[in-house]
Amino acid sequence: LASIMDAIHENAGKASPEVLEKARTERDRLRDERHAERELSTSEAAPAQSPEEAAAISKADAALEKAMKSAAASGDATPIMDALHENADTASAEMVEKARAKRDELRDEKAARVSKADEALREAMDTDDLDAIMDALHGNADKASAEVVEKVRAKRDTLRDEKHAAKETGETEPWSEQ
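Q: I tried to follow the overall build of the protein on my own but got confused; where do I start?
A: Counting secondary structure elements, the protein contains seven helices and zero strands. Out of the 178 residues belonging to the protein, those deemed buried represent 29%. Across the protein, every contact between residues at least 6 apart in sequence was considered, and the portion connecting residues at least 24 apart equals 59%. For the protein, the exposed surface amounts to about 11500 Å²; the carbon and sulfur share of it is 51%.

Pasting the structure below:
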């Protein structure tokens, strides 16, 4: 479990979404197994929790609750992911499930924002209009995927170079009104 969590954390920005989702699913499955084992060991047949165990669960649940509130306010799932990494083995299964659900909700919202920003940048790039591309970059670069931003910036730079070259040679700019 620890090694897959480390791999996810180290490669989240580099791995494909499909591979990353498979790794996250496997991580969640391993955690669920661990929680199920703990739930069995704390069932009615098992002795009651010690005050120390109850305090640890309460502390872990509180950390997850705090992370969910922070993440909800910022729209960023990072606090939840960090809190899950630190507390998933100690927190109650119910609180872990709530935190995962909130994390997934925030991820889906972010994916939708990225998709919209990517689309706006691609549309601007298709126009071959330097001003439209620059406007789209200013409005969407912070929300779009890095790959799309890189492609659009390359297109912007190419158009800008063409514009400067045309001015130096005295050619008419194809992108300006005649």
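This is not the end of the story, as more comes after the structure.
Q: Just to check I follow, could you spell out the layout of surface pockets for this structure?
A: In this approach, a probe sized like a water molecule rolls over the atoms, and the result shows the empty space that is left. Roughly 980 Å³ of volume is contained in the largest pocket. Of the residues in the lining of the largest pocket, the class split is twelve nonpolar, eight polar and eleven charged.

Q: Is there a simple way to explain helix H4 (residues 78–87) in this structure?
A: By the burial criterion, the buried members of H4 are Ile80, Ala83, Leu84 and Asn87. Projection of H4 onto a plane perpendicular to its axis shows the buried side chains occupying an angular sector of 105°, all on one side.

Q: What's the story with helix H3 (residues 51–74) in this structure? I'm lost.
A: The periodicity of an α-helix, 3.6 residues per turn, causes residues three or four places apart in sequence to face the same way. In this model H3 runs 35 Å from its N-terminal to its C-terminal C-alpha over 24 residues, within 8% of the 34 Å that 1.5 Å per residue would give. Those residues of H3 that fall on the buried side of the exposure criterion are Ile57, Ala60, Asp61, Leu64, Ala67, Met68 and Ala71. Turning to H3, the residues buried within the fold contact H4 and helix H5 (93–127). Count one or two residues on from H3 and you reach Gly75, which has phi positive near 80°.

Q: Could you clarify how one ought to interpret the packing of H5 against helix H7 (residues 146–169) in this entry?
A: Two measures define how a pair of helices packs: the angle their axes make with one another and the distance between the axes. Two numbers describe how H5 lies on H7: the axes approach to 10 Å, and their chain directions differ by 20°. Relative to H7, H5 is oriented roughly parallel. You can see that H5 and H7 cross each other, and the crossing is left-handed. Contacts between H5 and H7 involve Asp118, Leu121, Arg122 and Met125 from the former and Val148, Val149, Lys151, Val152 and Lys155 from the latter. Its residues assigned to classes, the contact of H5 with H7 shows five nonpolar, no polar and four charged.

Q: Help me out: how do you make sense of the packing of H5 against helix H6 (residues 130–140) in this one?
A: Between H5 and H6, the shortest axis-to-axis distance is 8 Å and the interhelical angle comes to 170°. Between H5 and H6, the crossing angle belongs to the class labelled roughly antiparallel. Residues Ala117, Ala120, Leu121, Ala124, Met125 and Thr127 of H5 touch H6, and the partners they reach there are Ala132, Ile133, Ala136, Leu137 and Asn140. For the contact of H5 with H6, a count of residues per class yields nine nonpolar, two polar and no charged.

Q: It is not clear to me how the environment of Arg34 should be interpreted in this structure. Could you clarify?
A: As for its placement among the helices and strands, Arg34 is situated in helix H2 (residues 17–41). As a C-alpha pair, Arg34 and Asp89 span 55 residues in sequence and 7.5 Å in three-dimensional space. Arg34 has contacts with Leu1 and Asp89, leaving out every residue within four places of it along the chain.

Q: For this particular structure, what's the right way to read the nonpolar core?
A: Most often, soluble globular proteins have nonpolar side chains that are buried together. If you look at the biggest cluster of nonpolar residues, it comprises 14 residues, and the most contacted ones within it are Leu64, Ile80, Leu84 and Ala99. Counting residues per element, this core draws most heavily on H3, which supplies five residues. Those residues in contact with Ala99 that sit more than four places away from it in its chain are Leu64, Met68, Ile80 and Leu84. Counting twelve residues, the second largest nonpolar core, distinct from the first, contains Leu121, Ala124, Val149 and Val152.

Q: Help me understand the pattern of salt bridges, please; the structure alone is not making it clear to me.
A: When their charged atoms lie close together, side chains carrying opposite charge are able to pair. Evaluation of the coordinates by the stated rule reveals twelve salt bridges. The partner of Arg29 in a salt bridge is Glu33, with the nearest N and O atoms 2.3 Å apart. Remark: Glu33 and Arg29 occur in helix H2; sequence separation between them is four residues, near one turn of the helix. Residue Glu33 is classed as partly exposed on the basis of its relative accessible area, which comes to 38%. The partner of Arg107 in a salt bridge is Asp104, and the shortest N-O contact between them spans 3.6 Å. Placement of both Arg107 and Asp104 in helix H5 is noted, with a separation of three residues, approximately one turn of the helix. By relative accessible area, which is 17% here, Arg107 ends up buried.

Rules and cut-offs
Residues numbered from 1 in each chain as written. Predicted model: local features only at pLDDT ≥ 70, side-chain atom pairs only at ≥ 80, totals over all residues. Heavy atoms only, no water. Helix = DSSP H or I, 4+ residues; strand = E, 2+ residues; numbered from the N terminus. Buried < 20%, exposed > 50% of the residue type's maximum accessible area, 1.4 Å probe, protein only. Contact = heavy atoms within 4.5 Å. Areas by Shrake-Rupley, 256 points an atom, 1.4 Å probe, with all protein chains shown as cover. 1 Å grid on protein atoms, 1.4 Å probe; cavity = no way out; pocket = protein on both sides within 12 Å on 5 of 7 lines; lining within 4 Å. Points joined across faces, edges and corners; volume = space filled by probe spheres on them. Nonpolar A, V, L, I, M, F, W, Y, C, P; charged D, E, K, R; others polar. Arc of directions from axis to C-beta. Expected span 1.5 Å × (residues − 1). Axes fitted to C-alpha atoms, helices over the stretch in contact; angles between N-to-C directions. Parallel < 35°, antiparallel > 145°, perpendicular 65-115°, else oblique. Left-handed = near helix turned anticlockwise from the far one by under 90°. Core = buried A, V, L, I, M, F, W, Y, C linked by side-chain atoms within 4.5 Å. Salt bridge = Lys/Arg side-chain N within 4 Å of Asp/Glu carboxyl O.

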